[in-house]
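Observations on the model geometry
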Amino acid sequence: MISSDVIRGYNDTMILSLLLNEPSYGYEISKRIRELTEEKYIMKETTLYSAFKRLETNGFIDAFAGAETNGKPRTYYRITEAGKNYYKDKCEEWEITQEVIEKFIVKENNNEYNKKLS
Amino acid sequence: MNTIKSYLDNMFLRLPQTDDVTRAKMELLAMMEDKYNELKNNGKTENEAIGIVISEFGNLDELGDSLGIKQLIENKTEVSIVTYEEAKKYIEDSRAIAPKTAFGVLLCIISPIIMLLLIGLRELNIIIVKEDLLIAIGLVVLISLVATAVSYFIRFSSKLEKYDYLKINPFELDYETEKMVKSVQNEDEPPYKSAIAVSVVGYILSALPVIITPLVSEVEGFGVLSVTVTLLIVALSTYNIIIKSAANDACNVLLQQGDYSVKNKTNKKFQTITTVYWCITVAVFLGYSFITNNWGMSWIIWPVAGVLFGAIKAITDSQS
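Residues numbered from 1 in each chain as written. Chains lettered and ligands numbered in written order. Predicted model: local features only at pLDDT ≥ 70, side-chain atom pairs only at ≥ 80, totals over all residues. Heavy atoms only, no water.

Let's talk about the packing of aromatic side chains
Residue and element names in this part refer to chain B. Using the following cut-off: Under the pairing criterion, centres of Phe, Tyr and Trp rings, with the six-membered ring standing for Trp, must be within 6.5 Å; the plane angle then separates stacked pairs below 30 degrees from edge-to-face pairs above 60, leaving the rest tilted. Runs of E in the DSSP output that reach at least two residues are strands. Runs of H or I that reach at least four are helices, and both are numbered from the N terminus. Burial classes: relative accessible area under 20% of the type maximum marks a residue as buried, over 50% as exposed, and values in between as partly exposed (1.4 Å probe, protein chains only).
In the structure shown here, the tally under the stated rule is 13 aromatic pairs over all chains. Between Trp 278 and Phe 309 the ring centres are 5.4 Å apart and the planes differ by 45°, which places this aromatic pair in the tilted class. Placement of the pair is Trp 278 in helix α13 (residues 268-292) and Phe 309 in helix α15 (residues 301-319), with a sequence separation of 31 residues. Overall, Phe 309 belongs to the buried group, its relative accessible area being 16%.

Comments concerning a nonpolar patch on the surface
All names here are of chain B. The criterion, for reference: Candidate patch residues must exceed 30% relative accessible area and have no salt bridge, after which like charges are joined if within 9 Å and Val, Leu, Ile, Met, Phe, Trp or Tyr side chains if within 5 Å. In short, Shrake-Rupley with a 1.4 Å probe defines the accessible areas, and a residue's cover is counted only from the protein chains shown. Only one rule defines a salt bridge in this text: a Lys or Arg side-chain nitrogen within 4 Å of an Asp or Glu carboxyl oxygen.
Residues Val 282, Leu 286, Phe 290, Trp 295, Met 297, Trp 299, Ile 300, Trp 302 and Val 304 make up a contiguous nonpolar surface patch of roughly 870 Å² in combined accessible area. Put simply, the parts of the chain that give the nonpolar patch at least two residues each are α13, α14 (295-298) and α15. Top element by residues in the nonpolar patch is α13. It accounts for three residues. Here Ile 300 lies in the loop between α14 and α15. Looking at Ile 300, the relative accessible area reads 35%, which means it is partly exposed.

So, a positive patch on the surface
All names here are of chain B. For the record, the criterion: Charge convention: Lys and Arg are scored as positive, Asp and Glu as negative, and His as well as the terminal groups of each chain are ignored. For charged residues, the charge sits on one atom: NZ in Lys, CZ in Arg, CG in Asp, CD in Glu.
On the surface, Lys 100, Arg 155, Lys 159 and Lys 162 cluster together to form a positively charged patch. Within the secondary structure, Lys 162 sits in the loop between α8 (131-161) and α9 (164-168). Taking relative accessible area as the criterion, Lys 162 reaches 53% and is therefore assigned exposed.

Some points on the confidence of the model for chain B
Where we set the bar: Residue-level confidence of the predictor, termed pLDDT, takes values from 0 up to 100.
Model confidence for chain B is summarised by a mean pLDDT of 86, while 95% of its residues fall at 70 or above. The lowest-confidence element of chain B is helix α5 (residues 70-74) of chain B, averaging 54 in pLDDT; the highest-confidence one is helix α6 (residues 84-110) of chain B, averaging 92.

Description of the interface of chain B and chain A
In plain terms, the rule: What makes two residues a contact is simply this: any of their non-hydrogen atoms within 4.5 Å. Buried area counts how much accessible surface, traced with a 1.4 Å probe, disappears from two parts once they are put together, with both parts' losses summed. Throughout this description, a polar contact denotes any pair of N or O atoms lying within 3.5 Å of each other; where both atoms belong to protein, one of them has to be capable of donating a hydrogen while the other can accept it, and for residues adjacent in sequence the pair is counted only when both atoms sit in side chains.
Contacts between the two partners involve 23 residues from chain B and, on the opposite side, 22 residues from chain A. Across the interface of chain B and chain A, roughly 2,000 Å² is buried in total on both sides, 48% from carbon and sulfur atoms. Across the contact surface, chain B and chain A share six salt bridges. The tally of links between chain B and chain A comes to 12 residue pairs in polar contact (both at pLDDT 80 or more).

As for the domain arrangement of chain B
The figure often quoted for interface size is the accessible area lost as the parts come together. Quick reminder of the rule: Note that domain bounds follow an automatic or database assignment of domains.
Assigned domains of chain B: these are domain 1 (2-74), domain 2 (84-258) and domain 3 (267-320). On a C-alpha basis, the centroid separation for the pair domain 2 of chain B and domain 3 of chain B is 23 Å.

Details of the nonpolar core
Rules: To define a nonpolar core, start from buried Ala, Val, Leu, Ile, Met, Phe, Trp, Tyr and Cys residues and group those joined through side-chain atoms within 4.5 Å.
Counting 38 residues, the largest nonpolar core has Ile 15, Ile 29, Tyr 49 and Phe 52 of chain A together with Phe 12 and Leu 28 of chain B as its most contacted members. Counting only elements with at least two residues in this core, the list comes to α2 (11-21), α3 (26-36), α4 (45-57) and β3 (72-79) of chain A together with α1 (2-12), α2 (19-41) and α3 (46-55) of chain B. The greatest single-element share of this core, amounting to eight residues, is contributed by α2 of chain B. Each residue touching Ile 29 of chain A, except ones within four places of it in the same chain, is listed here: Ile 15, Leu 18, Leu 19, Ser 24, Leu 48 and Phe 52 of chain A. In terms of nonpolar packing, the next biggest core, distinct from the first, is built from 17 residues, Met 180, Val 184, Ala 250 and Val 253 of chain B among them.

Comments concerning α2 of chain A
With respect to burial, α2 of chain A is a largely interior element, eight of its 11 residues being buried. Inspection of α2 of chain A places Asn 11, Asp 12, Thr 13, Met 14, Ile 15, Leu 16, Leu 18 and Leu 19 of chain A among the buried residues, and these make up the whole buried set.

The structure is reproduced here in structure tokens:
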């Protein structure tokens, strides 16, 4: 399991990425995240819902009532144009973040660091 | 599934029931239900499924920011919760006890009636007996009625004593309970309002016999008899108002409205002022009246004290 502190900044990115394909609803998104990450990351319900709220407030996604299941209309979310732009920005940001952090990460084959760590 | 629902209910118990919070709860429940159903379909047992769903629920603190209730979540104070059953029981008990209390009050108000009746009839020469004897009979009736009333008060008001904390301590109701109490109060409103109207008219009319009788006849006996009519009207009006206001009053206690608002409850300073103020008023009334024997005038203190109290309350309210 990944520490949620690290990944928090990218929860929104994951959700937006899944919504790029088609509108979806709470459980389906959490299930897709679990499957895609091979169960390395499980998004808690409260995390997911607060991300929905945040994205909705910022105008990155829209909520709408979908088809009824178990007698209740399910809330679906769809990505907006602003959401797509935000997603692009986040992807670029991640490229840079990754590049920066990489500089400080030990690679298994880096003998110099391995010596210092042992 | 019920376990999950009550888990969620518990998590949300202390949150204010805004639209945002209600929606969050519904959405979270939907997600949890979906997950639970899928786990069950994949062959997990009931307990395993519930365990996984609850362990992956997360932390309610995360919702604070997005729901605008961050402060509330972080400053969770230990406020007691009144449950649905307690609230329902309190309203039922209040309704059940009201007729007994009302009857006790009725007995107190009419307690001098027999004495007045006998004295009045004697003045009119309808009964020709020594006045002392009539007063003795009247006193016996008066004291027995008051005694009966007091025994009523002791017996029945003690049944409501266990709810006193509702009037003293601040508490919270969950959403369902609050809805129930409000609907009880709404249903009760028309009979309550009309009961008040009837009783107020009764109180106003009750003055008429005493005012009109001396104008019509100068015979003293009629004057005394007219007082019995006045007392009877006052007694019935009061009886009516106590019975019909019981449920409404209980609802006000539960919804913490009016006299029972959280503001009043936490305002200990005002409570002290109230107690001291009325004790002093009673002391002055009794002291002055006994010393001067001027009972005919000293009652003036009550309306004066009442109006003055309103002024004091307004001043302390503006300070807090």
